[in-house]
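# Understanding the architecture of this molecule
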Amino acid sequence: MKKEIIYYCSFSMSPPESVELLDNNEGKIINDSGEKIVDLQEHKILHFWDKMDELQVWKWKKEYYPKYEILDGHQWELKLRNRKGRIRNFGGHMSYPDNYNDFIKELNNLFGSEIQDEKYEI
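Figured I'd write up the structure that's included with this text. (Residues numbered from 1 in each chain as written. Predicted model: local features only at pLDDT ≥ 70, side-chain atom pairs only at ≥ 80, totals over all residues. Heavy atoms only, no water.)

## Section: the nonpolar core
One finds Y8, L80, F103 and L107 to be the most contacted residues of the largest nonpolar core, which totals 28 residues. For this core, the secondary structure elements donating two or more residues are β1 (5–11), β2 (17–21), α1 (42–54), β6 (75–81) and α2 (100–111). In terms of residue count, the dominant contributor to this core is α2 (six residues). (Core = buried A, V, L, I, M, F, W, Y, C linked by side-chain atoms within 4.5 Å. Buried < 20%, exposed > 50% of the residue type's maximum accessible area, 1.4 Å probe, protein only. Helix = DSSP H or I, 4+ residues; strand = E, 2+ residues; numbered from the N terminus.)

Rendered as structure tokens:
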């Protein structure tokens, strides 16, 4: 079994928000309130991977950027590696996959975080 990676970070004018899967089914949440370590239930991690397959996250483009240059705004980064070793890295700036909001809901479900799922696509 490969070491799983679930890492998401987003930042804009406000402090960065991030979630990360740590060893021993722990998760780290960083937001404007600080850093918090949470216990993640095994069945929730398995459910998350099922949802990633269902949302076809593995088929997302590597990068999402707007048609026109924007100097500030929302940026995001995602790194995933499931137990089978399937790995993908994604990122974007003010541009998102169609089902990005559904993905954010699944992250929040897994980590108990409150990452905003609003897209600001240009």
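Additional details are given in the paragraphs that follow.
## Side note on the environment of M94
On the secondary structure map, M94 appears in the loop between β7 (87–93) and α2. Note on M94: relative accessible area 9%, which makes it buried. Along the backbone, M94 and K62 are 32 residues apart, and their C-alpha atoms lie at a distance of 14 Å.

## Some points on the sheet that holds β2
Sheet architecture is open: seven strands sit in the order β4-β3-β2-β1-β6-β7-β5, paired in mixed fashion. Edge positions in the sheet fall to β4 (34–39) and β5 (63–64), since each of these pairs with one other strand and no more. Where strand β3 (residues 26–31) and β4 come together, six bridges link them in antiparallel fashion. Within β4, the position partnered with I29 by the bridge is K36. (Pairing = 2+ DSSP bridges.)

## Focus on the side chain of N108
Relative to the helices and strands, N108 resides in helix α2. The buried category is assigned to N108, whose relative accessible area is 16%. A polar atom in the side chain of N108 sits 2.7 Å from the side chain of S113. Look past the residues within four positions of N108 in its chain and what remains in contact with it is S113, E114 and I115. (Polar contact = N/O pair within 3.5 Å; in protein donor to acceptor, adjacent residues only side chain to side chain. Contact = heavy atoms within 4.5 Å.)

## What to know about unusual backbone geometry
Leaving glycine aside, a negative phi is the common case for residues, and trans is the common case for peptide bonds. Phi is positive for Q56, which is not a glycine, with a value near 55 degrees. Mapping Q56 onto the fold places it in the loop between α1 and β5. A positive phi is found at M94, a non-glycine position, where the angle reads about 60 degrees.

## Comments concerning the pattern of salt bridges
Here the structure, examined in full by the defined rule, presents six salt bridges. For E4, the salt bridge is made with R83, and the minimal N-O distance between the two is 2.8 Å. With E4 in the segment before β1 and R83 in the loop between β6 and β7, the pair connects residues that are 79 residues apart, well separated along the chain. Accessibility classification places E4 together with R83 in one group, the buried group. Ionic pairing is found between K51 and E54, a salt bridge with its closest N-O pair at 2.9 Å. Linking K51 with E54, this pair stays in helix α1, spanning three residues, or about one helical turn. Take K51: its relative accessible area is 18%, and that puts it in the buried class. A relative accessible area of 55% places E54 in the exposed class. (Salt bridge = Lys/Arg side-chain N within 4 Å of Asp/Glu carboxyl O.)

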